[in-house]
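Structure assessment
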Amino acid sequence: MITEIGIVAGEIWHYLDQHGEVLLSDLFKGIDKPHDNVLMSLGWLAREGHVIVVQIENGYKISLRK
């Protein structure tokens, strides 16, 4: 499972690099993986300081840390 989380984390990083700041709902659409895997990978990236997660009124905005 750790390997899959790492692979999905890489896909998220590349997606954010190409698209900039996105809504979490758009990230789910752009990354064709199970929601649980996307969330675990996003948590990993956030914990490592690679992404910024901001809560907004209707969800979350995700972006790469510059």
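Moving on to the pattern of salt bridges. Should the charged atoms of two oppositely charged side chains come close, the side chains can pair. Taken as a whole and assessed by the stated rule, the structure comprises two salt bridges. A salt bridge links Glu 11 to Lys 33; its shortest N-O distance comes to 3.8 Å. Of this pair, Glu 11 sits in helix 1 (residues 2-19) while Lys 33 sits in the loop between helix 2 (24-30) and helix 3 (35-47), and the two are 22 residues apart along the sequence. Glu 11 sits in the partly exposed class, given a relative accessible area of 30%. Assessed through its relative accessible area of 28%, Lys 33 is described here as partly exposed. Lys 61 serves as the salt-bridge partner of Glu 21, at 3.8 Å between the closest nitrogen and oxygen. Of this pair, Glu 21 sits in the loop between helix 1 and strand 1 (22-23) while Lys 61 is found in strand 3 (residues 59-64), placing the two residues 40 residues apart along the sequence. On the basis of relative accessible area, Lys 61 is assigned to the partly exposed category, the value being 27%.

This part takes up the side chain of Asn 37. Tracing the backbone through its elements, the reader meets Asn 37 in helix 3. The class of Asn 37 is buried, set by a relative accessible area of 10%. Not counting chain neighbours up to four residues away, the residues in contact with Asn 37 comprise Met 1, Glu 4 and Val 8.

Chain-level statistics for the protein chain give a pLDDT mean of 95 and a share of 100% at 70 or above. Helix 1 is the least confidently modelled element of the protein chain, averaging 95 in pLDDT, while strand 1 averages 97, the highest of any element.

Bringing the sheet that holds strand 2 (residues 51-56) into the picture now. Read across the sheet, three strands follow the order 1-3-2 without closing on themselves; strand pairing throughout is antiparallel. Either end of the sheet is taken by a strand with one partner, and the two such strands are strand 1 and strand 2. Bridge count for strand 2 against strand 3 is six bridges, and the pairing is antiparallel. Residue pairing for strand 3: Val 51 is matched across the bridge by Leu 64. The strands that helix 1 touches are strand 1, strand 2 and strand 3; relative to strand 3, the one it contacts most, it runs at about 85°.

Rules behind the numbers
- Residues numbered from 1 in each chain as written.
- Predicted model: local features only at pLDDT ≥ 70, side-chain atom pairs only at ≥ 80, totals over all residues.
- Heavy atoms only, no water.
- Salt bridge = Lys/Arg side-chain N within 4 Å of Asp/Glu carboxyl O.
- Helix = DSSP H or I, 4+ residues; strand = E, 2+ residues; numbered from the N terminus.
- Buried < 20%, exposed > 50% of the residue type's maximum accessible area, 1.4 Å probe, protein only.
- Contact = heavy atoms within 4.5 Å.
- pLDDT = per-residue confidence, 0-100.
- Pairing = 2+ DSSP bridges.
- Axes fitted to C-alpha atoms, helices over the stretch in contact; angles between N-to-C directions.

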